[in-house]
Amino acid sequence: MFWMFRNFLRRPHDALEARVTAAEARITANEVAIKENRDSLKQGNDRFRKQDTAIEVITQNVLALVEFEIEYCLTEHKTPSAALEEAKKELNKYLSRR
């Protein structure tokens, strides 16, 4: 009888112990996943830096082409289109913000 009473009183303790053990296992699994995600994010940041450099080079080349087209129009005694002039202004404004 005493043994049954003792087991009855230990049930909440055993249930809590099982829950804590399960929670610790989930935390350990989450820590591993977080570490893997952190490594993945570092690789992503490197990729973004490379893309940023490529975008900068492409933007500068587009600006050079726009300026070349404007100069060509002027040497041929033609007026550059308003859209071309506006594109140059917008591109210069964008580059000055970077």
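See the structure above.
This text gives an overview of the structure that appears in the document. (Residues numbered from 1 in each chain as written. Predicted model: local features only at pLDDT ≥ 70, side-chain atom pairs only at ≥ 80, totals over all residues. Heavy atoms only, no water.)

## Description of the overall build of the chain
Right, on to step 1. Scanning the chain for helices and strands turns up two helices and zero strands.
Right, on to step 2. Against the compact-globule benchmark of 13 Å for 98 residues, the chain has a radius of gyration of 33 Å, which places it well outside the compact range.
Right, on to step 3. For the chain, the C-alpha atoms occupy an extent of roughly 110 × 20 × 15 Å along the three principal directions.
Right, on to step 4. Taken across its 98 residues, the chain has 9% of its residues classed as buried.
Right, on to step 5. For the chain, the accessible surface area stands at approximately 8800 Å², while carbon and sulfur atoms represent 60% of it.
Right, on to step 6. Side-chain charges of the chain comprise 17 positive and 16 negative groups, with the mean position of each set lying 11 Å from the other. (Helix = DSSP H or I, 4+ residues; strand = E, 2+ residues; numbered from the N terminus. Rg over C-alpha atoms; globule rule 2.2 N^0.38 Å. Buried < 20%, exposed > 50% of the residue type's maximum accessible area, 1.4 Å probe, protein only. Areas by Shrake-Rupley, 256 points an atom, 1.4 Å probe, with all protein chains shown as cover. Lys, Arg positive; Asp, Glu negative; His and termini not counted. Charge placed at Lys NZ, Arg CZ, Asp CG, Glu CD.)

## So, unusual backbone geometry
Right, on to step 1. Phi at His-77 is positive, roughly 60°, even though this residue is not glycine.
Right, on to step 2. Topologically, His-77 is positioned in the loop between helix 1 (2-75) and helix 2 (82-97).

No statement about biological role is implied by the geometric values presented.
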